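Survey of secondary and tertiary structure
So you can see what is in the structure, the chains are spelled out below.
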Amino acid sequence: MIVVTGATGNVGSALVRQLAEADEKVVAVSRGEKPVDLPAGAEHRRADIGELDSLAGAVAGARALFLLITGPQLVAGPAATEVLETVAAAGVRRVVFLSSQGAVTRPGSDGYARTLEFERALAASDLEWTVLRPGGFFSNTFAWIEPVRAERMIPAPFGDVGLPQVDPADVAAMAAAALREDGHDRQVYTVTGPELVTPRQQAQALAAALGEPLRFAELTREQARVNMLRFMPESVADHTLTILGEPTPEEQLVSGDVERVLGRRATGYAEWAARVAPAFR
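Our subject in this report is the structure included herewith. (Residues numbered from 1 in each chain as written. Predicted model: local features only at pLDDT ≥ 70, side-chain atom pairs only at ≥ 80, totals over all residues. Heavy atoms only, no water.)

This part takes up the overall build of the chain. On a plain count of helices and strands, the chain comes out with 12 helices and nine strands. Viewed in the frame of its principal axes, the chain has a C-alpha envelope of about 55 × 40 × 35 Å. Burial analysis of the chain (281 residues in total) assigns 54% to the buried set. The contacts in the chain between residues at least 6 apart in sequence include a share of 76% that link residues at least 24 apart. Approximately 12500 Å² of the chain is accessible, and the part contributed by carbon and sulfur atoms is 50%. Positive and negative side-chain charges of the chain, numbering 27 and 36 respectively, have mean locations separated by a distance of 3 Å. (Helix = DSSP H or I, 4+ residues; strand = E, 2+ residues; numbered from the N terminus. Buried < 20%, exposed > 50% of the residue type's maximum accessible area, 1.4 Å probe, protein only. Contact = heavy atoms within 4.5 Å. Areas by Shrake-Rupley, 256 points an atom, 1.4 Å probe, with all protein chains shown as cover. Lys, Arg positive; Asp, Glu negative; His and termini not counted. Charge placed at Lys NZ, Arg CZ, Asp CG, Glu CD.)

Okay, structure coming up:
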């Protein structure tokens, strides 16, 4: 049995679907109610990584775990060693942890302190483990849905700064491989898209997918920060904006790990936009 935490998120929901399609026994864990789009055959359990008793119940009987920390857990919560000891005591032997590229490119940032704590705890544990370090997700541009629908407008900062952002479904596919296959123990994969893409180019690709013009409105850093603080902690918003506006050379490198692990090219933003275009209509 494989347990997926964060099962309602962009990566987690795709991972649950991929595992179910591969006929794996999969348990989708979230803090809320059963997802309405839970695939047939998948089980739902409610738990919170911040509440270790509930986590122990959620992973009971599992051999492998996809571990994601999000929301409040990004800045505070039980020690990473306690979380790993809890899942190991419940029988988990393999953990795939969704980290972030920023954990190594911005190691001094408060926003990545917890992520690094989990990486280091895994490395010191007796568990089989794999770490995935993606950069930004294409799905972050779902934040444009309302302005696209209402004003045919795309608001974003740093319009001409390119990053190798990634399709969350590719991240999920990498996780599925590491959860199901041998050969990924103690591996760290940098998960990126196939090329650098700027917000302005994303707007053009989305306009092409929708078949209509969209106006790009470049936000200031402060305007973007106000928007981000509606759904993420302050420290996370600040370091995210720094990466978006002032990426390091390492953060702009295109990794070949997706192709090496999956045997195919990573998905490009235009392909992703074509797939999800109905959400913007």
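Taken in spatial order, the seven strands of this open sheet run S3-S2-S1-S4-S5-S6-S8, and their pairing is parallel. Whereas interior strands pair on both sides, the edge strands pair on one side only; in this sheet they are strand S3 (43-46) and strand S8 (187-191). Going from strand to strand, the sheet's axes swing by 20 degrees on average, the running direction of each strand aside. Direction of pairing for strand S1 (residues 2-4) relative to strand S2 (residues 26-30): parallel, over a ladder of three bridges. In the strand pairing of S2, Ile2 is matched with Val26. Contacts from helix H1 (residues 10-21) reach S1, S2, strand S4 (64-67) and strand S5 (94-98) within the one sheet, and its direction differs from that of S1 by about 155 degrees. (Pairing = 2+ DSSP bridges. Axes fitted to C-alpha atoms, helices over the stretch in contact; angles between N-to-C directions.)

Quick look at the side chain of Arg106 now. Inspection of the secondary structure puts Arg106 in the loop between helix H4 (102-105) and helix H5 (113-123). Look at Arg106 and you get buried, because its relative accessible area is 17%. One polar contact links Arg106 to Glu251, side chain to side chain, over a distance of 2.8 Å. Those residues in contact with Arg106 that sit more than four places away from it in its chain are Tyr112, Thr242, Ile243, Glu246, Pro247, Thr248 and Glu251. (Polar contact = N/O pair within 3.5 Å; in protein donor to acceptor, adjacent residues only side chain to side chain.)

Counting residues in each nonpolar core, the largest one holds 35 residues, and the members touching the most others are Val3, Leu65, Leu67 and Leu122. A total of four residues in this core trace back to one element, the largest contributor, which is helix H3 (residues 80-89). (Core = buried A, V, L, I, M, F, W, Y, C linked by side-chain atoms within 4.5 Å.)

What follows deals with the packing of helix H2 (residues 52-59) against H3. At a closest axis distance of 9 Å, the pairing of H2 and H3 adopts a crossing angle of 35 degrees. The way H2 lies across H3 gives a crossing that is right-handed. Along the contact surface, H2 presents Leu52, Leu55, Ala56 and Val59, while H3 presents Glu82, Val83, Thr86 and Val87. Tallied by class, residues from the contact of H2 with H3 come to six nonpolar, one polar and one charged. (Left-handed = near helix turned anticlockwise from the far one by under 90°. Nonpolar A, V, L, I, M, F, W, Y, C, P; charged D, E, K, R; others polar.)

The next subject is the pattern of salt bridges. Opposite charge on two side chains permits them to pair, given that their charged atoms come into close proximity. Counted by the stated rule, this structure contains 19 salt bridges. With a closest N to O distance of 3.5 Å, Arg149 and Glu146 form a salt bridge. Of the two residues, Arg149 and Glu146 both sit in helix H6 (residues 145-151), three residues apart, roughly one turn of that helix. Since its relative accessible area comes to 41%, Arg149 is described here as partly exposed. Ionic pairing is found between Arg265 and Glu271, a salt bridge with its closest N-O pair at 3.2 Å. Arg265 sits in the partly exposed class, given a relative accessible area of 46%. (Salt bridge = Lys/Arg side-chain N within 4 Å of Asp/Glu carboxyl O.)

Applying the stated criterion across every chain, the model contains six aromatic pairs. For the ring pair Phe142 and Trp272, a centre distance of 5.1 Å and an interplane angle of 55 degrees mean the geometry is tilted. Within this pair, whereas Phe142 is found in the loop between strand S6 (128-134) and H6, its partner Trp272 is found in helix H12 (residues 269-276), the two being separated by 130 residues in sequence. A relative accessible area of 27% means that Phe142 is categorised as partly exposed. Residue Trp272 is classed as buried on the basis of its relative accessible area, which comes to 2%. Every member of this aromatic cluster is reached through a ring pair, and the members are Phe138, Phe142, Tyr269, Trp272 and Phe280. (Phe/Tyr/Trp six-rings, centres within 6.5 Å; stacked < 30°, edge-to-face > 60°.)

Bear in mind that shape data such as this cannot, by itself, settle questions of function.
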